[in-house]
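What follows is each chain in one-letter form.
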Amino acid sequence: MNRRSLLRSSALAGAALGGAGLLAACGGDATDSSGGSTPDGSQYGTVAIQLSWLKNIEFAGEYFADSRGYFKEAGFGSVELIAGGAASTSVEAGLDTGKIWLGLSAPQTTARAVLAGLPAKIVATTYQKNPFAIVSSAAKPIKTPEDMKGRKIGVQDTNQQIFHALLAANGMQPGDVTMVPAQFDPSPLANGEVDGWVSYVTNEPITLTAKGFANTHFLFADYNLPLVAETLTVEQSTIDKEREKLKAFLVAEIKGWKDAVADPAESARLAVEVYGKDQKLDLAEQTKQAVAQNDLVTSPDTAANGLLTMTDRLIEQNITALRAAELAITADQLFDLSVLREVYAENPGLKT
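Each value, and the rule that gives it
Residues numbered from 1 in each chain as written. Predicted model: local features only at pLDDT ≥ 70, side-chain atom pairs only at ≥ 80, totals over all residues. Heavy atoms only, no water. Buried < 20%, exposed > 50% of the residue type's maximum accessible area, 1.4 Å probe, protein only. Helix = DSSP H or I, 4+ residues; strand = E, 2+ residues; numbered from the N terminus. Contact = heavy atoms within 4.5 Å. Pairing = 2+ DSSP bridges. Axes fitted to C-alpha atoms, helices over the stretch in contact; angles between N-to-C directions. Phe/Tyr/Trp six-rings, centres within 6.5 Å; stacked < 30°, edge-to-face > 60°. Right-handed = clockwise from strand over helix to strand, strands pointing away.

Chemist: Mind showing me how you'd approach helix H12 (residues 264-275) here?
Modeler: Given 3.6 residues per turn, any residue in an α-helix points the same way as the ones three and four places further on. Where H12 is concerned, the buried positions are Pro264, Glu266, Ser267, Ala268, Leu270, Ala271, Val272 and Tyr275. Summarising the contacts, the buried residues of H12 are in contact with helix H3 (60-67), strand S2 (76-82), helix H11 (243-262) and helix H13 (283-297).

Chemist: Help me out: how do you make sense of the sheet that holds strand S6 (residues 152-156) in this one?
Modeler: What links the strands of a sheet is backbone hydrogen bonding, and the strands pair in either a parallel or an antiparallel sense. One open sheet accounts for five strands, arranged S7-S6-S8-S5-S9; its pairing is mixed. Every interior strand has two partners, whereas the edge strands, strand S7 (178-182) and strand S9 (215-219), have only one. On average, each strand axis in the sheet is inclined to that of its neighbour by 35 degrees, with strand direction left out of account. Here strand S5 (residues 132-137) runs beside strand S8 (residues 196-200); their pairing, made up of five bridges, is antiparallel. Along S8, the bridge assignment pairs Ile134 with Val198. On top of the sheet, helix H7 (residues 160-169) reaches S5, S6, S7, S8 and S9; it is set at about 140 degrees to S6, its chief contact.

Chemist: Teacher, can you tell me more about the packing of aromatic side chains here?
Modeler: Any aromatic ring pair is given by two values, namely how distant the centres are and how the planes are angled relative to each other. Summed over the entire model, instances satisfying the criterion amount to ten aromatic pairs. Ring centres of Phe71 and Phe249 lie 5.2 Å apart, and the angle between their planes is 10 degrees; this geometry places the pair in the stacked category. Here Phe71, found in helix H4 (residues 70-73), pairs with Phe249, found in helix H11; they are 178 residues apart in sequence, far enough to count as distant. Of the residues examined, Phe71 reaches a relative accessible area of 2% and is grouped as buried. Between the aromatic rings of Phe76 and Trp101, the centroid separation amounts to 6.0 Å while the plane-to-plane angle is 55 degrees, which identifies the pairing as tilted. With a gap of 25 residues between them, Phe76 in strand S2 and Trp101 in the loop between helix H5 (91-97) and strand S3 (102-105) connect regions that are remote in the sequence. Given a relative accessible area of 1%, Phe76 falls into the buried group. Linked through ring pairs, Tyr44, Phe71, Phe76, Trp101 and Phe249 together constitute an aromatic cluster.

Chemist: Could you clarify how one ought to interpret the pairing of S6 in this entry?
Modeler: Residues in a regular strand point their side chains to alternate faces of the sheet. When you tally the buried positions in S6, you get four out of five residues, the bulk of the element. Sheet analysis places S6 next to S7, joined by five bridges and oriented parallel. Each bridged residue has a counterpart across the sheet, and for Gln156 the counterpart in S7 is Ala182. Crossover S6 to S7 through H7 is right-handed. Relative to S8, S6 is paired through two bridges, and the arrangement is parallel.

Purely spatial values, then, with no claim about function.
Quick look at the structure:
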């Protein structure tokens, strides 16, 4: 993806983001790190945040931060949570055109855009461990990448890159497996049309089990691809010119995710009954996914350093994993955790 193709995809952002995106552009420019007055009378105005997927349990922390007033306490008039999804414009395209102020993305996606010329940085991460997995039938299990050889694997278009990275990281070639184009409904796996399925460990294994399909899985992160996920990404200008505003947002995010980790049941209720009401989500499934998600959000490192943080070692592991995906980028080009470190230095109580 070069700069021109990034801009071309951005041209679709208006339809995807609608009026909320336009509000975000105005709200984002209304103040800088010194604070000030905005049209709605708040310190930082209205901003638009693009989620990486449809409004399900994955964004429980954002739901808590909004519903419990943490964003408003931080100085925002409102925060527009914009659904992503396979048909939506990418976070990076939205940032490039100013349609959004911050987005939830992934290192492999942001790295491509940065290498194509987008001045953006990852400033925090929700998931310490990538949720990508290969799920398979318990009767014919695929327990390791090696087990995929000669098997049919359902791979969605948007996940082609990370699947190829998994193969490369484990010394395999695309020809070692039969990749079957797939959508996001794992019915072909349940029907026996494929042997394995690229999935989120917090999603398809749980939904398949609920439908009576016994399954097993392995995580990409356990086989040489320890990428983080649900990364908070902003333009470099936000770090340079709106540092206090970004710090205020991160404080609200941390509070929201602390609540989400502590209360999976309420996380699920907010996803099913409020923010993702139009998705017709199943409360029991979303609750199970919320519990599973906590294992990705928390770790011994977050216990020591706080939620959303990344250690230097984890950053380097991500850079190494990106090289396996043929994305030659440095840590300084892609990550800037200095803002988050300032947040915790100034608010040590957020760690507890």
